[in-house]
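Here's the letter readout for the chains.
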Amino acid sequence: MIELSPEILTIVFIGAILVGVMTGFPLALVVGSVGLIGGYLVLGPTVSFEIIYSRVYSLAQNYPLLAVPLFTFMGVMLQRSGIAEGLYDALYLWLGGFRGGLAVTTVIFGTILAACLGVITASVTMLTLIALAPMVKRGYDKALASGAVCAGGTLGILIPPSVMLVIYGPMAMISVGKLFMGAIFPGLVLSGLYCGYIAVQCIRHPEMGPAVPVEERQVSFTKKSIKLLTSLGPPAVLIMAVLGSIFFGIAPPTEAAAVGAFAAILLTLGYRRFSWGLLSYTALETLRISSFVLLIGCLSFSFVGIFISAGCGDVVASAIMSAPFGRWGAFAAVMFIVFILGMFIDWIGIVFIMVPILAPIGPALGFDPLWFGMMICVNLQMSFMTPPFAVSIFVCRGSAAPELGVTMGDIIRGVIPFVVLIMVGIGCCIAFPQLVLWLPGKMMVGW
């Protein structure tokens, strides 16, 4: 075995992962290889294999993670259900007459989708296909339009039912149900900030978001109202079926996920989009996404076991705890670490690798574990919009029709203000922690 100090091992482990990721190898293989080789050399074959086996077995036995395939199934099924088109058209009629109204509609549409899908690629893809073309063709600034699509779609990973929250809970030993409730108001705050920014920008610069011509939205108030209510009804039923059952203590998150998956099938039947081909596609896509998540989870969780057993976890905790300016300096250090990692590593890897290390630091600093965890989750919103590893940007670019002429530069310029607004949202939750803590405190049962 190799004898090295924990400080040097920490640098070696983290450096090896960053170098491996930069070479283009899948994160799961990089993390698993670093953990396996590092554990073998530092702890010996017997100890390292015992740690890896026990960690993989523990993760496989984690009951709340059953919600991952169920929520994924729900999101993929709803993506093809037809629930989105009518809702966007209804919001379009109500808000299209305002400057920037289509971009605001896109963010609101993304907020509602976030409470139904919970899968980031599905949300951004759907917004790009449905909302980007109407904005660009009506003369909207391409950066503003694509920024609204990316920011609105990214809310799908924060607003419950979110797969990220399902994974974060077991890693930090926090109730997934409380995380769901705690994420609602921060998600709505971000949505409100996005809409406010778009409205102000389009008032200051009307050419960025012209109003839709009157002749395109000449529909009576009654028809608009009926269209909006009928379009909002199915998503409202689905949201209440999932979040309502958790909040009122009817079912824990895993069982609520099963209710949501069943409700998604019923909605697809109601919209006459259900087919055996759709069911087969949904099942295979669910299997692909869930396998990807759990593979990264098992290998990352094993790496964390090796990392902590080698004493590296204490090194990271000590470095953060010794940051200047007391506990707020340490909190800022955690936020900075998560932000930088989000630029290079997928959020799944960050949650599985860093959360078991960072989560105990919050209570040690005197912060509420739920609030501390939610700050990390809100921070991870930025990882989807900060290159080079920016999933929302690449999904938007790949899904945008070529004839729209939206470039990667347009999208990057468009998302920058929304990244700043996420930082503002984190500041709001710091100033008013009850935005996170109030609703979980009202739950009937603390699942």
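The structure we're discussing is the one just above.
On a predicted model such as this, the values are computed, not experimentally measured, just so you know.

## Examining the overall build of the protein chain
Thinking step 1. Each helix and strand counted, the protein chain has 21 helices and zero strands in total.
Thinking step 2. Against the compact-globule benchmark of 22 Å for 447 residues, the protein chain has a radius of gyration of 22 Å, which places it among compact chains.
Thinking step 3. Once the C-alpha set of the protein chain is aligned to its principal axes, its extents read approximately 75 × 45 × 45 Å.
Thinking step 4. Each of the 447 residues in the protein chain was classed as buried or not, and the buried ones make up 55%.
Thinking step 5. Long-range pairs, those at least 24 residues apart, make up 81% of the contacts in the protein chain between residues at least 6 apart in sequence.
Thinking step 6. Within the structure as shown, the protein chain displays about 18,100 Å² of accessible surface, and the carbon and sulfur contribution to it stands at 72%.
Thinking step 7. Here the protein chain contributes 19 positively and 16 negatively charged side chains, and the mean placements of these two sets differ by 13 Å.

## As for the packing of helix H5 (residues 83-95) against helix H6 (residues 101-114)
Thinking step 1. The N-to-C vectors of H5 and H6 enclose an angle of 145°; their axes lie 9 Å apart at closest approach. When the axes of H5 and H6 are compared, the crossing they make is right-handed. When H5 is examined against H6, the residues Ala84, Leu87, Tyr88, Leu91, Tyr92 and Leu95 are found in contact with a partner set consisting of Gly101, Leu102, Val104, Thr105, Thr106, Ile108, Phe109, Ile112 and Leu113.
Thinking step 2. Class assignment for the residues of the contact of H5 with H6 results in twelve nonpolar, three polar and no charged.

## Focus on the packing of aromatic side chains
Thinking step 1. For the structure on display, the rule yields 19 aromatic pairs.
Thinking step 2. Each ring, one from Phe274 and one from Trp276, has its centre 6.0 Å from the other, and the planes form 70°; the classification is edge-to-face.
Thinking step 3. Taking the relative accessible area as the measure of exposure, Phe274 reaches 27% and is therefore partly exposed.
Thinking step 4. Since its relative accessible area comes to 68%, Trp276 is described here as exposed.
Thinking step 5. In textbook terms, an aromatic cluster arises when at least three aromatic residues are bridged by ring pairs, as seen for Trp328, Phe331, Phe367, Trp371 and Phe372.
Thinking step 6. The ring of Phe301 carries the charged tip of Arg55 above its face, separated from the ring centre by 3.8 Å.

## Considerations on helix H8 (residues 142-154)
Thinking step 1. The first and last C-alpha atoms of H8 sit 18 Å apart over 13 residues, in line with the 18 Å expected at 1.5 Å per residue.
Thinking step 2. Burial runs high along H8: twelve of the 13 residues are buried.
Thinking step 3. Along H8, the residues classified as buried are Ala143, Leu144, Ala145, Ser146, Gly147, Ala148, Val149, Cys150, Ala151, Gly152, Gly153 and Thr154.
Thinking step 4. On its buried face, H8 sits against H6, helix H7 (120-137), helix H10 (176-204), helix H19 (391-399) and helix H20 (408-431).
Thinking step 5. N-capping of H8 is provided by Asp141, with a side-chain oxygen placed 3.1 Å from the backbone N of Ala143.

## Quick word on the nonpolar core
Note on soluble globular proteins: their nonpolar side chains tend to be buried together.
Thinking step 1. Among the nonpolar cores identified, the biggest contains 162 residues, and Ile167, Tyr194, Met374 and Met385 are the most heavily contacted of them.
Thinking step 2. Once residues within four sequence positions are removed from consideration, Met385 is found in contact with Cys150, Ala151, Thr154, Tyr194, Ala390, Ser392, Ile393, Val415, Phe418, Val419 and Ile422.

## Some words on unusual backbone geometry
If a residue is not glycine, its phi is most likely negative; likewise, a peptide bond is most likely trans.
Thinking step 1. Look at the link from Pro160 to Pro161: it is a cis peptide, with omega at 5°.
Thinking step 2. Look at the link from Pro387 to Pro388: it is a cis peptide, with omega at 10°.
Thinking step 3. Tracing the chain through its elements places Pro388 in the loop between helix H18 (369-379) and H19.
Thinking step 4. Even without a glycine there, the phi angle at Met173 is positive, about 60°.
Thinking step 5. Within the fold, Met173 resides in the loop between helix H9 (163-172) and H10.
Thinking step 6. Notably, Arg272 is not glycine yet its phi reads approximately 60°, a positive angle.
Thinking step 7. Given a relative accessible area of 77%, Arg272 falls into the exposed group.

## Quick look at the packing of helix H4 (residues 67-79) against helix H13 (residues 276-309)
Thinking step 1. Across the interface, H4 lies against H13 with an axial gap of 9 Å and an inter-helix angle of 140°. Comparing their axes, H13 and H4 come out oblique. Considering how the two elements wind past one another, H4 and H13 form a crossing that is right-handed. Taking contact as the criterion, the partners of Val68, Pro69, Thr72, Phe73, Val76 and Met77 in H4 are, on H13, Leu278, Leu279, Tyr281, Thr282, Glu285, Thr286, Ile289, Ser290 and Val293.

## Side note on the pattern of salt bridges
Should the charged atoms of two oppositely charged side chains come close, the side chains can pair.
Thinking step 1. Scanning all chains against the criterion turns up two salt bridges.
Thinking step 2. Of the charged contacts in the structure, one is a salt bridge between Arg288 and Glu285, with a shortest N-O distance of 2.7 Å. Here the residue Arg288 and the residue Glu285 both occupy positions in helix H13, the gap between them amounting to three residues, near one helical turn.
Thinking step 3. Judged by its relative accessible area of 19%, Glu285 is buried.

## A closer look at a nonpolar patch on the surface
Thinking step 1. Taken together, Ile2, Leu4, Ile8, Val12, Leu36, Ile37, Tyr40, Leu41 and Phe49 make up a surface patch of nonpolar side chains, about 800 Å² in accessible area.
Thinking step 2. In terms of residues, the nonpolar patch owes the most to one element, helix H2 (residues 27-42), which gives four residues.
Thinking step 3. Within the fold, Tyr40 resides in helix H2.
Thinking step 4. Exposure remark for Tyr40: the relative accessible area of 44% places this residue in the partly exposed category.

## Examining the side chain of Thr254
Thinking step 1. Within the fold, Thr254 resides in helix H12 (residues 253-270).
Thinking step 2. Among the residues examined, Thr254 registers a relative accessible area of 8% and is labelled buried.
Thinking step 3. Residues contacting Thr254, with those up to four places away along its chain left out, are Tyr63, Pro64, Leu66, Ala67 and Leu70.

## As for the state of the cysteines
Thinking step 1. In the structure shown here, the tally under the stated rule is zero disulfides.
Thinking step 2. Left without a disulfide partner, Cys116 is nearest to the cysteine sulfur of Cys195, which lies 17 Å away.

## Re H7
Thinking step 1. An ideal rise of 1.5 Å per residue puts 26 Å on 18 residues; H7 measures up with 25 Å between its terminal C-alpha atoms.
Thinking step 2. Of all the bends in H7, the greatest reaches close to 40° and is centred on Ala131; the proline Pro134 follows between one and four positions later.
Thinking step 3. H7 sits mainly inside the fold: 15 of its 18 residues count as buried.
Thinking step 4. Among the residues trailing H7, Gly139 stands out with phi positive, at a value near 90°.

Cut-off values and rules
- Residues numbered from 1 in each chain as written.
- Predicted model: local features only at pLDDT ≥ 70, side-chain atom pairs only at ≥ 80, totals over all residues.
- Heavy atoms only, no water.
- Helix = DSSP H or I, 4+ residues; strand = E, 2+ residues; numbered from the N terminus.
- Rg over C-alpha atoms; globule rule 2.2 N^0.38 Å.
- Buried < 20%, exposed > 50% of the residue type's maximum accessible area, 1.4 Å probe, protein only.
- Contact = heavy atoms within 4.5 Å.
- Areas by Shrake-Rupley, 256 points an atom, 1.4 Å probe, with all protein chains shown as cover.
- Lys, Arg positive; Asp, Glu negative; His and termini not counted.
- Charge placed at Lys NZ, Arg CZ, Asp CG, Glu CD.
- Axes fitted to C-alpha atoms, helices over the stretch in contact; angles between N-to-C directions.
- Left-handed = near helix turned anticlockwise from the far one by under 90°.
- Nonpolar A, V, L, I, M, F, W, Y, C, P; charged D, E, K, R; others polar.
- Phe/Tyr/Trp six-rings, centres within 6.5 Å; stacked < 30°, edge-to-face > 60°.
- Lys NZ or Arg CZ within 6 Å of the ring centre and 35° of its normal.
- Expected span 1.5 Å × (residues − 1).
- Polar contact = N/O pair within 3.5 Å; in protein donor to acceptor, adjacent residues only side chain to side chain.
- Core = buried A, V, L, I, M, F, W, Y, C linked by side-chain atoms within 4.5 Å.
- Parallel < 35°, antiparallel > 145°, perpendicular 65-115°, else oblique.
- Salt bridge = Lys/Arg side-chain N within 4 Å of Asp/Glu carboxyl O.
- Patch = residues over 30% accessible without salt bridge, like charges linked within 9 Å, V, L, I, M, F, W, Y side chains within 5 Å.
- Disulfide = S-S within 2.5 Å.
- Bend = angle between axes of the 7 residues up to and from the residue.

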